[in-house]
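# Commentary on secondary and tertiary structure
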Amino acid sequence: MRNRIAILSATAVLPLTIVASLAAANQASADPKSQEVVVTGAVDHCNNDTAPRSVQITTSNETSTDVNRGVRRAGAYSVTFQTVPRNGSAATATVTCRHDSYQVHFTVQRPPGQADLVQEMDLAP
């Protein structure tokens, strides 16, 4: 009987421990000294009302392109930069559609402190 109670207790506590561990891991802060920044956001159709096919963002250090289905179907993009300087970097996003394209200028920046390394930037003509 004691063995059954011990097994039942372990089976009840183990999932809670796993959930708590995962929650703690997801809340871990990113390293503000890291040069990695993920830029993500919504992307609008081009002026001729065609859906975007790709998003390419260029900085002085690197270029990153998202051509995934999410750009076309959901109007969302996500690109990762590995070498964003401490003071940020000027960026040009080029949204390419079937017969048209548009550009958006902005700055890719590292987070100011212990925060997520994701920068949200919606793109519209």
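Refer to the preceding data block for the structure.
Residues numbered from 1 in each chain as written. Predicted model: local features only at pLDDT ≥ 70, side-chain atom pairs only at ≥ 80, totals over all residues. Heavy atoms only, no water.

## Let's talk about the sheet that holds strand β2 (residues 54–59)
Selection rule: Two strands are counted as paired when DSSP detects at least two bridges linking them. Helix and strand assignments follow DSSP, with helices taken as H or I runs no shorter than four residues and strands as E runs no shorter than two, numbered in order from the N terminus. The angle between two axes is taken between their N-to-C directions and runs from 0 to 180 degrees, where each axis is a line fitted to C-alpha atoms and a helix contributes only its stretch in contact.
Read across the open sheet, the 4 strands follow the order β3-β2-β5-β6; overall the sheet is antiparallel. The sheet is open, and its two edges are formed by β3 (63–66) and β6 (101–108), each paired on a single side. For this sheet, the mean inter-axis angle between neighbouring strands, taken without regard to orientation, is 20°. Relative to β6, strand β5 (residues 89–96) is paired through 8 bridges, and the arrangement is antiparallel. Pairing of Ala 93 across the sheet is with Val 104, part of β6.

## Topic: the state of the cysteines
Heads up, the condition is: In plain terms, two cysteine sulfur atoms within 2.5 Å form what is called a disulfide here. Only protein chains enter the accessibility calculation, which uses a 1.4 Å probe; a residue whose area is less than 20% of its type maximum is buried, one above 50% is exposed, and one in between is partly exposed.
With the rule as written, the count across this model stands at 1 disulfide. Each sulfur of the disulfide joining Cys 46 and Cys 97 lies 2.0 Å from the other. The S-S bond linking Cys 46 to Cys 97 shows a torsion near 85°; that makes this disulfide right-handed. Of this pair, Cys 46 sits in the loop between β1 (37–42) and β2 while Cys 97 sits in the loop between β5 and β6; the two residues are 51 residues apart in sequence, bridging distant segments of the chain. Take Cys 46 and Cys 97: they sit in the same class, and that class is buried.

## Looking at the environment of Ala 74
Locating Ala 74 in the fold gives a position in the loop between α2 (69–73) and β4 (76–81). Along the primary structure Ala 74 and Ala 51 are separated by 23 residues, whereas in three dimensions their C-alpha atoms are 9.6 Å apart.

## Quick word on the environment of Val 118
Keep this limit in mind: Throughout, a residue-residue contact means that at least one pair of heavy atoms, one from each residue, lies within 4.5 Å.
Among the secondary structure elements, Val 118 is positioned in strand β7 (residues 118–120). Residue Val 118 is classed as partly exposed on the basis of its relative accessible area of 36%. Placed 39 residues apart in sequence, Val 118 and Val 79 show a C-alpha to C-alpha distance of 9.9 Å. Setting aside its immediate chain neighbours within four residues, Val 118 contacts Val 38 and Thr 40.

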